[in-house]
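Residues per chain, in single letters:
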Amino acid sequence: MTLTFWHGYTAADGEKLNEIIDDFNASQDEVDIEYSVKTWAVIQNSLLPALSAEQGPQLVALPAEQLPVYAGKGALADLDDYYAASANAAALNPAAVRMEEVGGTKYGVPTGFVPLSVIYNKAMFAEAGITDFPTTWQEWVEAAEKLTIDRDGDGTPEQYGLALPDHQTVANGVWATLFAAGGGSITEGETATLNSPQNQQTLAFWSQAVQNERISPTGLDGIKADELFSAGKAAMEIAGPWMASVAQENGIDYALAPIPAGPAAQVASAIGVSMAVTAQADEAEQEAAQEFFDYFYSPEVTTEWSLGSGWPPLRTDVPASAVAANPVVASLTDMAELAQPLLPGVINSADVLAAVDEATQQALAGKDPAAALDDAQPKVQEALNE
């Protein structure tokens, strides 16, 4: 039996995934998986038309926030039976599994689940006399103030303590992280909770730090924040794991640290990728796909995947010591317990996040944070109601 698998891993992680698929094919004679590597955008644009024409794949990998979209359109198979029967699935990170649920049903399995973290410039920290990375918001802002340098006194720092994007943040997860750490949320089930008192306090705290202390420029999106850090013009950034290699390429002596704790919690929104069985797969093909899942989640293979892809282990019983050969992965593995999925199960996440972006961008530019959140609240609710 042959299964077609579309995925968007195009760098070293893609080479490792293809190698694992080849090894699976060689390990048995009943199932052969043919992979087709496309960009994530191409997969998202072509999956539904291909399935409608019965020319689609039986297996597909998707950015995790897209999983609810396709599940809501009936394009993906229910995987609850797989989770109920598989010992390997039972060992998966529960937070990673939660991002696969839509309406109480699991429609995917995780291939990547990594918490956002802070990447920081060790040389700038040493120059500022900061020996320990901050662990609370107050310490974080105080460190950012020390690291912000306006050499010519013109009001525009040449070096910022923090590159804090106010919209279109890395994996859209920066503000979800900060709101959760402050005790708030964006949604609770099908109810918008954006303008809660906790979120108002969080947005006011960070707006004041940016406006009054100039620790970060305003108007940054995730890409511009990456560029500011990689150019050596910001000492810290909330980032995904790829920034480690970017820092190396730019000669920056860096380290990774957990996002400091807010007044209510220490959490980190996670970047996730899901693997799903499409509705085009018949019962036998679904069972074959689940055989591959169990191979992929075996302790040996999931460790191999982590070392080769840069993602922390998906199983909770794989310790950081098992991936010590990759220091970035080992660091992120120690932070894995902080990770939480971004808007799990929310089908219209794009419009929800657009409303959040509008509020955070306006607040950091000077609008009253409570008013900005009040304006965005009905837009979030409207998106949830669609």
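Going by the structure above, here's the rest.
Residues numbered from 1 in each chain as written. Predicted model: local features only at pLDDT ≥ 70, side-chain atom pairs only at ≥ 80, totals over all residues. Heavy atoms only, no water.

Peer 1: Give a detailed account of the overall build of the protein, specifying residues and quantitative values.
Peer 2: Secondary structure assignment for the protein yields 17 helices and 13 strands. Compactness check: the protein gives a C-alpha radius of gyration of 21 Å against a globular reference of 21 Å for 386 residues, within 12% of the reference. Projecting the C-alpha coordinates of the protein onto the three principal axes gives extents of approximately 70 × 45 × 30 Å. With 386 residues in all, the protein has 58% of them scored as buried. In the structure as shown, the protein presents an accessible area of about 15,600 Å², 46% of it carried by carbon and sulfur atoms. (Helix = DSSP H or I, 4+ residues; strand = E, 2+ residues; numbered from the N terminus. Rg over C-alpha atoms; globule rule 2.2 N^0.38 Å. Buried < 20%, exposed > 50% of the residue type's maximum accessible area, 1.4 Å probe, protein only. Areas by Shrake-Rupley, 256 points an atom, 1.4 Å probe, with all protein chains shown as cover.)

Peer 1: Residues and numbers for the sheet that holds strand β10 (residues 236–239), please.
Peer 2: Ordered in space as β10-β7-β11, the three strands form an open sheet in which the pairing is antiparallel. In this open sheet, the two edge strands, each paired with only one partner strand, are β10 and β11 (254–257). The sheet shows a mean angle of 30 degrees between the axes of neighbouring strands, taken without regard to direction. In terms of strand pairing, strand β7 (residues 117–121) meets β11 through four bridges, oriented antiparallel. Note on β11: the bridge partner recorded for I119 is L256. (Pairing = 2+ DSSP bridges. Axes fitted to C-alpha atoms, helices over the stretch in contact; angles between N-to-C directions.)

Peer 1: How would you summarise the side chain of Q28 if you had to cite specific residues and measurements?
Peer 2: The topology assignment puts Q28 in the loop between α1 (12–27) and β2 (32–37). Classification of Q28 as buried rests on a relative accessible area of 19%. At 2.9 Å, the side chain of Q28 and the backbone oxygen of F24 are in polar contact. (Polar contact = N/O pair within 3.5 Å; in protein donor to acceptor, adjacent residues only side chain to side chain.)

Peer 1: Go over the environment of F5, please, and point to the residues and values.
Peer 2: Positionally, F5 belongs in strand β1 (residues 2–7). Assessed through its relative accessible area of 1%, F5 is described here as buried. In the structure, F5 is positioned 303 residues away from G308 in sequence and 19 Å away in space, judged by C-alpha atoms.

Peer 1: Let's hear about the packing of helix α10 (residues 197–213) against helix α17 (residues 369–385): which residues, and what values?
Peer 2: At a closest axis distance of 8 Å, the pairing of α10 and α17 adopts a crossing angle of 130 degrees. As judged from the angle between their axes, α10 and α17 are oblique. Note on packing geometry: the crossing formed by α10 with α17 is right-handed. For the pair α10 and α17, the contacting residues are N199, Q200, L203, A204 and S207 in the first and P369, A370, L373 and D374 in the second. (Parallel < 35°, antiparallel > 145°, perpendicular 65-115°, else oblique. Left-handed = near helix turned anticlockwise from the far one by under 90°. Contact = heavy atoms within 4.5 Å.)

Peer 1: Could you give an account of the pattern of salt bridges, with specific residues and numbers?
Peer 2: Within the structure shown, the criterion is met by eight salt bridges. Connected through salt bridges with shared partners, the residues K16, E19 and E304 form a single ionic network. (Salt bridge = Lys/Arg side-chain N within 4 Å of Asp/Glu carboxyl O.)

Peer 1: Give a description of the nonpolar core that names residues and reports values.
Peer 2: The biggest cluster of nonpolar side chains holds 110 residues, and the ones touching the most others in it are L59, W140, L164, W175, W206, M236 and F293. By size, the runner-up hydrophobic cluster in this structure holds 16 residues, among which are L62, A75, L76 and Y107. (Core = buried A, V, L, I, M, F, W, Y, C linked by side-chain atoms within 4.5 Å.)

Peer 1: So what's going on with α1? Residues and values would help.
Peer 2: With 16 residues, α1 extends 23 Å from end C-alpha to end C-alpha; this agrees with the ideal 22 Å at 1.5 Å per step. All of the buried residues along α1 are D13, G14, K16, L17, N18, I20, I21, F24 and N25. Tucked into the core, α1 has its buried residues touching β1, β2, α13 (283–296) and α14 (299–309). (Expected span 1.5 Å × (residues − 1).)

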